[in-house]
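# Fold and contact review
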Amino acid sequence: MLYINCPHCGMRSQNEFSYGGDASVKRPELNKEVSDQEWDNFVYNRKSLRGKHLELWQHISGCRQWIKVERDTATHEIFRTFKADEEVA
Amino acid sequence: MTQAFRIENSGLINRDKKLSFKFNGKTYFGYEGDTLASALLANGVHLVGRSFKYHRPRGFFGAGVDEPYAVVQLYRNGETEPNIKATEQELFEGLEAKSVNCWPSVNFDIGAINNFLRIFLPAGFYYKTFMWPKSFWYRIYEPFIRKAAGLGVASIKHDKERYEHKYEYCDLLIAGSGPSGLAGAYAAAKNGAKVILAEDKPRFGGSLLTSDVNIGNQSGKDWAEGIIAELKTMPNVVVKNRSQIFGYYDHNMLVMSEKVSDHLPSTKKYHPNKRLWYIRAKEVLISSGSIERPIVFGNNDTPGVMLSSAAKEYLKVYGVLVGKKPLVFTNNDSGYETAIEFKKHGVDPVVLDSRKNPESEIIDEAKNLGINIKNSYVVVAAQGYKKVKSADIASISEDKKQLGKIENIQCDCICVSGFWTPTIHLASQSGNKTKFKEEIDAFVPGQSKQNEITLGAANGVFSLEETLKTSFTAGSELSKKITENDNKISIPNVVEKKSSQHDKFWCVPLPKGKNYKRFLDFQNDVAVSDIEIALREGYRSIEHVKRYTTLGMATDQGKTSNLNGLQLVSEIENKVVPAVGHTTFRPPYTPVSIGAIVGREVGKHSKPTRKSPMHSWHEKNNAVFVDAGVWLRPRYYKRGNENLFEGSKREAKNVRTNVGVCDVTTLGKIDIKGPDAAELLNRVYTNAWLKLPVGKARYGVMLREDGIVMDDGTTTRISENHYHMTTTTAQAANVLSHLEYYLQLVWPELNVNVVSTTEQWAGAAIAGPKSRDLLQKLFPNSDVSNEGLPFMGYMEGDLYGVKARIFRISFSGELAYEVNVESDYGNFMWEKIMEAGEEFNIQPYGTEALSTLRIEMGHVAGSELDGRTIPFDNALEGLVSKKKDFIGKRSLQRSAFIAEDRQRIVGVVPLDKQTSIPEGSHLVKDDKAPLPNPKLGHISASCWSVEYDNPFSLAILKDGKNMIGQKLFAMSPLKNKVIPVEIVSSHYVDPKGERVRS
Ligand SMILES: [Zn+2]
């Protein structure tokens, strides 16, 4: 079970969180023309990386904040975590 | 009855407490502190089972967790449990056990005929033989395999025992209480670290219980007892025996199974049977020791052949001789230690050493005791069927290829030692890349992956002095990092006998003209010849060889067999062992009770149960409950002998004619506040929300980004910047997360707060033509007329002094209202409604009537919004704004979603107006068409229409828009039904929706 550092609450076990997918996906702006390809990329197409992956988790049984977690998908090592509005350098 | 193999003056058992037990129906005696294995051996019982494939006689091979043979069916306190290792099961008064894998009895086993037909059962036998013809599988092969195979039977009774889970955090977790674990624990504890020391056996001390060593001028055993006694007094230390750490998971989470009660005749009151510990450790010391491995020779599975370390343990811990004419067969000094113990207890062993001229302190001691030692000698084959009677032995050439003349010597057991295999399972599970250590012919942990360190024998270090030194140091260093204390501990001096290099020899060649079975895996009957076949047939990867031959796949997971298997593969392949590699170590290290894994989450505890504030009223009024997610909801209120069909029909009819009340507390509720609340709703819902006035409710549909309907419900504008959203019961949690996702990540600029208020409000739906009269009576000071509170209107009211929210919304399609009060007043509200409603013939109605009402009105619910449908499919396209953008809108342009013949909701009526259509039935054009019959749609929900008194269903049907009036067939292969049907409008009752506005 992963041990995730919630930037709001501290170290908590994985069973307090729910997974939210790739954090690098940007939703196209509202009321903007979007090509089929762009939209498909947003809704469906994911890279399924092996290695370092920036992903979303929600601290669902804690502070209910969505956070970003930089995790290795192969080793499960977690490098850093960020608040939702934090820029990831 | 005498225990003929029990000796005086040896063992750690309690001879003052005699215990009686039964094995295969026969009564025996043992002592407190025995295992079932040691007690049977004390009574001279060596035959305990039959092997898995050939049903060959099986005895005892080890003395602990590595045991491949002695797996029994245990009976305790009216319960039975399979797959128990007799070497691990502690004896208690009244214990009963039976052999498994033998029918009709362990002495005469019909399955043993496989042994004589074994030419038919080589590697891959099951794969090859039972494949064809396919039709034979169910009728013949599977029942045969099930009867012939298996290691006991699971109980079909409800398990009365309780199992608990516990979460724990510590600075240092130590797996194993041998010298390394004790030293590490002691040093860390002295530095104030929070330490958990786990030992799988009942007794602490590991190898110190059986080895002839001195630590700080005490025997190893006494030193261990002293350390444990001191650790137990320290508040920062938890020491646990009977506790097996079986899994090393991510981020230093380890799981341990503590056997709390298995050693007792019955579980004490308020005690669990087992306790599963989830331990998050800052540091882990793996001091799991090592397991002796066998040398492979002919008939090496005969009862009486066992590990030399096991023979020593039975002698020193249990005071039991495994034989009175022992033959020790070894390639290292460990065999001598066992021989010396025999000799000291008056038994004359013979030692066969594969080495030519070994010299060491231990060997010198054996020689001084006058033990008969034969160098460059091996056991070629054991003789005897149910028990070793003698051994064929021979000298062996230096290259280990040529055997000398075969001689036969009498013996009643063969104690074999092929050197030691470090127990690296936990390290490997943690992600440690193991490496092969030439000097010991075995794998040891390499680079640490997580915060783990492996020391002592588990790390391939067999010198006690070095083990203690490194472990004390590691305990100090690891704890110093955490507690910043640095209490120096003096390392005690150690007296141990030096040993010499072992012989890299693991398998005795077959003598000319002999075809002895030489087993590698004793539980799964995998012999040398099976591995040879697998390699001959082209299997190369060790993972494939394992699966094809089942090497190492039994309940002992190859603890004694894996390394010899690797040796064999590398020899045939002409590779070095590390190039072959080992198979992946996966948790659990040893079998764990399903009960322990499940814990308390059984029966009603398998999920939380949520009840509305009116639950006790429902109970008192004969509600029959149904699970709705985690909620319990009344399905119908039973009157007399009514069944579900009759009761729900009565309730639904009463709503259509008088008035009914339904508990709708379970609906999800979300409070939305902030200046941008309307903007959020406008983006989340498909319809327009910016112009909803205060005091009005609106029905809305929300989509996922892929255009699929996520949920529906009404949202009401309570005040300028305050909205009350309702969701379906099932989607409540998902919708909240969905809103939080967009507010926190996508549109953080929106100034809105959302919070779940599902449990804060109790809700009652009042529906039926007389509902307004009832409402007026409940709220005499409020104007609830059609003008004062129009359809989709909202007002606040005073319910006998309780603040209430009144919504004019309808799910039933009737004139209807929903009243909410704070949860604590829910029951009060309900009772007032029932009281005031009496004159209007009010009846409560449950979910079944609720479904009937909505289905015949064509209102969609979860069975239509099933995660596969878009607004059009549910006839909700009128709610999809063309002007504004919203979540998922772009996806609605997908070609499949705008196809001319897109699926759509329809009504379905059986032609005979009698036969109810099972939900899930498929709609097809031709009921006689060859399979697979093309499916046009499926029945999503069925009811008995109370309006028309005939069955009615909703369906999602391809090109549903143009199918009205068509005749199709509803087919349910599950219920074996074919029903001719007609397609009608989904709005079966009141298609214009006049009633809700009346
Ligand atoms: Zn948090």
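Every chain is numbered independently, its residues counted from 1 as its sequence is written. Think of it this way: whatever chain is written first is A, whatever ligand is written first is 1, and the rest follow in order. Predicted model: local features are reported for residues with pLDDT of at least 70 only, side-chain atom pairs are reported and counted for 80 or more only, and whole-chain, interface and lining totals are derived from all residues. Note that water and hydrogens are dropped before the side-chain values are worked out from all heavy atoms of the structure.

## With respect to the overall build of chain A
Helical segments are the DSSP runs of H or I of at least four residues, strand segments are the runs of E of at least two, and each set is numbered from the N terminus. Helices and strands together make up the secondary structure of chain A, namely one helix and six strands. Ordered by position from the N terminus, the helices and strands of chain A form the series β-β-β-α-β-β-β. Three labels apply to residues, based on accessible area from a 1.4 Å probe with only protein chains included: buried if under 20% of the type maximum, exposed if over 50%, partly exposed otherwise in between. Taken across its 89 residues, chain A has 38% of its residues classed as buried. We call two residues contacting when some pair of their heavy atoms lies within 4.5 Å. Look at the contacts in chain A between residues 6 or more apart in sequence, and 45% of them connect residues 24 or more apart. Total accessible area on chain A is roughly 5,200 Å²; 44% of this is exposed by carbon and sulfur atoms. By the counting scheme adopted, Arg and Lys are positive, Glu and Asp are negative, and His together with the chain ends is not counted. In plain terms, the charge of a residue is placed at NZ if it is Lys, CZ if Arg, CG if Asp and CD if Glu. Charged side chains in chain A number 13 positive and 14 negative. The centres of these two groups are separated by 4 Å. For the area figures, the Shrake-Rupley method with a 1.4 Å probe applies, and any residue is considered shielded solely by the protein chains shown.

## Regarding the overall build of chain B
Counting its regular elements, chain B contains 23 helices and 50 strands. Here chain B holds 998 residues, and 59% of them are scored as buried. Taking the intrachain contacts of chain B between residues at least 6 apart in sequence as the baseline, contacts between residues at least 24 apart amount to 67%. Accessible surface, chain B as shown: approximately 41,500 Å² in total, 52% of it carbon and sulfur. Put simply, chain B has 128 plus and 116 minus side-chain charges, and the middle of one group is 4 Å from the middle of the other.

## Concerning the sheet that holds strand E4 (residues 52-58) of chain A
All names here are of chain A. Any two strands with at least two DSSP-identified bridges between them are counted as paired. Within the open sheet, the four strands sit side by side as E3-E4-E5-E6. Their pairing is antiparallel. In this open sheet, the two strands that pair with only one neighbour each are strand E3 (18-22) and strand E6 (78-83). When the angles between neighbouring strand axes are averaged without regard to direction, this sheet yields 30 degrees. Relative to strand E5 (residues 66-72), E4 runs antiparallel, the two sharing seven bridges. Across the sheet, the residue bridging to glutamate 55 is valine 69, located in E5. Comment: axis = line fitted to C-alpha atoms, over the contacting stretch for helices; angle = value between 0 and 180 degrees taken between N-to-C directions.

## Quick look at the pairing of strand E24 (residues 413-417) of chain B
Residues and elements named next belong to chain B. Counting buried positions over the five residues of E24 gives five, a clear majority of the element. Burial of E24 is two-sided: the residues Cys413, Cys415 and Ser417 facing one way and the residues Ile414 and Val416 facing the other way are all buried. Alignment of strand E17 (residues 305-307) against E24, held across three bridges, turns out to be parallel. Of the residues in E24, the one forming a bridge with methionine 306 is cysteine 415. Alignment of strand E18 (residues 326-330) against E24, held across five bridges, turns out to be parallel. Residue pairing across strands places threonine 330 opposite serine 417, the latter belonging to E24.

## Observations concerning helix H18 (residues 644-657) of chain B
Residue and element names in this part refer to chain B. One less than the number of residues in a helix, times 1.5 Å, gives the span that helix is expected to have. The end-to-end C-alpha distance of H18, which contains 14 residues, comes to 20 Å, matching closely the 20 Å that a straight helix rising 1.5 Å per residue would cover. Turning to H18, its buried residues number three or more, namely Gly647, Ser648, Arg650, Glu651, Ala652, Asn654, Val655 and Arg656. The inward-facing, buried residues of H18 abut strand E33 (631-637), strand E34 (660-663), strand E40 (761-767), strand E44 (843-844) and helix H23 (847-857).

## Focus: the interface of chain B and chain A
Between chain B and chain A, the contact holds 29 residues from the first and 28 residues from the second. Two parts placed together each lose some accessible area under a 1.4 Å probe, and the buried area is that loss summed for both. Three residues stand out in chain B for area buried against chain A, namely B:His251, B:Gln744 and B:Arg890, and they jointly supply 26% of the buried area on that side. Whenever a carboxyl oxygen of Asp or Glu lies within 4 Å of a side-chain nitrogen of Lys or Arg, that contact is scored as a salt bridge. The interface formed by chain B and chain A contains four salt bridges. With a shortest N-O distance of 2.8 Å, B:Glu740 and A:Arg64 are connected by a salt bridge. Nitrogen and oxygen atoms within 3.5 Å of one another constitute a polar contact, given that in protein one can donate a hydrogen and the other can accept it, and given that sequence-neighbouring residues count only through two side-chain atoms. The interface formed by chain B and chain A holds 18 residue pairs in polar contact (both at pLDDT 80 or more) in total. Elements represented by at least two residues in the side of chain B that touches chain A include exactly strand E8 (163-175) and helix H20 (732-746) of chain B. Ranked by the residues each element gives to the side of chain B that touches chain A, the list is headed by H20(B), at nine residues. Within the side of chain B that touches chain A, the residues separate by chemical class into 13 nonpolar, five polar and 11 charged. The residue classification treats Ala, Val, Leu, Ile, Met, Phe, Trp, Tyr, Cys and Pro as nonpolar and Asp, Glu, Lys and Arg as charged. All others, Gly included, are polar.

## Quick notes on the sheet that holds strand E19 (residues 350-353) of chain B
Strand pairing in a sheet is mediated by backbone hydrogen bonds. Such pairs are either parallel or antiparallel. All names here are of chain B. Across the sheet, which stays open at both edges, the five strands sit in the order E17-E24-E18-E19-E20 with parallel pairing between neighbours. With partners counted over all chains shown, the strands left at the sheet margins are E17 and strand E20 (372-375), one partner each. Between one strand axis and the next, the sheet turns by 20 degrees as a mean value, whatever way the strands run. Running at roughly 80 degrees to E17, helix H7 (residues 308-318) makes contact with E17 and E24 of the sheet.

## Notes on the coordination of the zinc ion
All names here are of chain A. Only N, O and S atoms count as donors, using a 2.8 Å cut-off from the metal and 3.2 Å for Na, K and Ca, and because water is excluded some sites may appear unfinished. Taken together, Cys6 (SG), Cys9 (SG), His59 (ND1) and Cys63 (SG) make up the full set of protein donors to the zinc ion, lying 2.0 to 2.3 Å away. In short, tetrahedral needs four donors with all angles between 85 and 135 degrees, square planar needs four and octahedral six donors with opposite donors over 155 degrees apart and all other angles between 65 and 115, and whatever is left is irregular. Coordination at the zinc ion comes from four donor atoms whose angles at the metal span 105 to 113 degrees, giving a geometry best classed as tetrahedral. For the zinc ion, the single-chain donor residues occur in sequence as C-x2-C-x49-H-x3-C. Here cysteine 6, found in strand E1 (residues 3-6), pairs with cysteine 63, found in the loop between E4 and E5; they are 57 residues apart in sequence, far enough to count as distant. Relative accessible area serves as the criterion here: at 2%, cysteine 6 is assigned to the buried category.

## What about helix H9 (residues 361-368) of chain B?
Residues and elements named next belong to chain B. Those residues of H9 that fall on the buried side of the exposure criterion are Ile362, Ile363, Glu365 and Ala366. Taken around the axis of H9, the buried residues stretch over an arc of 155 degrees, which confines them to a single face. Looking at the buried residues of H9, the elements they touch are helix H8 (334-344) and E20. Within two residues after H9, glycine 370 carries a phi angle of roughly 80 degrees, on the positive side. In this description, the arc belongs to the directions extending from the helix axis to the C-beta atoms.

## Notes on the environment of B:Val322
All names here are of chain B. Topologically, valine 322 is positioned in the loop between H7 and E18. Judged by its relative accessible area of 0%, valine 322 falls in the buried class. A sequence separation of 91 residues divides valine 322 from cysteine 413, and the C-alpha atoms of the two residues are 7.0 Å apart. Among all residues touching valine 322, those that are not within four sequence positions of it are Leu41, His46, Met306, Ala311, Tyr314, Phe342, Cys413 and Cys415.

## Quick word on the pattern of salt bridges
Residues and elements named next belong to chain B. Considering all chains together, one arrives at 69 salt bridges over all chains under this definition. A salt bridge links arginine 995 to glutamate 814; its shortest N-O distance comes to 2.7 Å. One end of the pair, arginine 995, is in the segment after strand E50 (977-984); the other, glutamate 814, is in the loop between strand E42 (802-807) and strand E43 (816-822), with 181 residues separating them in the sequence. A relative accessible area of 4% means that glutamate 814 is categorised as buried.

## Regarding the pairing of E42(B)
All names here are of chain B. Across the six residues of E42, five count as buried, placing the element largely inside the fold. Where strand E41 (residues 794-799) and E42 come together, six bridges link them in antiparallel fashion. Of the residues in E42, the one forming a bridge with glutamate 796 is arginine 805. In this structure, the hairpin formed by E41 and E42 is closed by a connection of two residues, where tyrosine 800 is found at a positive phi of approximately 50 degrees. The pairing of E42 with E43 spans four bridges and is classified as antiparallel.

## What about the packing of aromatic side chains?
Residue and element names in this part refer to chain B. Stacked, edge-to-face and tilted are the three classes for Phe, Tyr and Trp ring pairs, Trp counted by its six-membered ring, which pair at centre distances within 6.5 Å; planes under 30 degrees apart are stacked, over 60 edge-to-face, the rest tilted. For the structure shown, the criterion picks out 26 aromatic pairs over all chains. A ring is scored as having a charge over it whenever the NZ atom of a lysine or the CZ atom of an arginine sits within 6 Å of its centre and within 35 degrees of its normal. The ring of tryptophan 747 has arginine 683 lying over it, and the distance from NZ or CZ to the ring centre is 4.9 Å. Across the ring face of tyrosine 800, the terminal group of lysine 832 is positioned such that the distance to the ring centre comes to 4.8 Å.

## Considerations on the side chain of B:Ser945
Along the polypeptide, B:Ser945 turns up in strand E47 (residues 937-945). With residues up to four places along the chain from it excluded, the contact list for B:Ser945 reads B:Glu856, B:Asn950, B:Phe952 and B:Tyr988.

## Considerations on the confidence of the model for chain B
For chain B, the mean per-residue pLDDT works out to 93, and 95% of the residues sit at or above 70. For this predicted complex, the interface confidence reaches an ipTM of 0.98, while the overall pTM sits at 0.90. A residue's pLDDT is the confidence the predictor assigns to it, expressed on a 0 to 100 scale.

## Section: the state of the cysteines
Throughout, disulfides are identified as pairs of cysteine sulfur atoms within 2.5 Å of each other. Going through the model one piece at a time under the given rule, you end up with zero disulfides over all chains. The thiol of B:Cys662 is unpaired, and the distance to the nearest cysteine sulfur, on B:Cys943, comes to 15 Å.

## Observations concerning the nonpolar core
Of all hydrophobic cores here, the largest spans 84 residues; its most connected members are B:Tyr314, B:Leu327, B:Phe329 and B:Ile414. Beyond its immediate sequence surroundings of up to four residues, B:Phe329 is in contact with B:Ile295, B:Phe297, B:Leu352, B:Tyr377, B:Val378, B:Val379, B:Ile414, B:Cys415, B:Val416, B:Ser417, B:Phe505 and B:Val508. Side-chain atoms within 4.5 Å are what join buried Ala, Val, Leu, Ile, Met, Phe, Trp, Tyr and Cys residues into a set we call a nonpolar core.

## Notes on the packing of helix H5 (residues 179-190) of chain B against helix H11 (residues 464-483) of chain B
All names here are of chain B. Two elements in contact, H5 and H11, have axes separated by 7 Å at closest approach and are oriented at 30 degrees. Taken together, the axes of H5 and H11 lie roughly parallel to each other. When you trace H5 past H11, the crossing you get is right-handed. Between H5 and H11, the contacting residues are Pro179, Ser180, Ala183, Gly184, Tyr186, Ala187 and Ala188 on the first element and Leu464, Thr467, Leu468, Ser471, Phe472, Gly475, Ser476 and Ser479 on the second. For classification, angles of less than 35 degrees are called roughly parallel, those exceeding 145 degrees roughly antiparallel, those between 65 and 115 degrees roughly perpendicular, and all remaining angles oblique. Should the near helix be turned anticlockwise from the far one by less than a right angle, the crossing is left-handed, and should it be turned clockwise, the crossing is right-handed.

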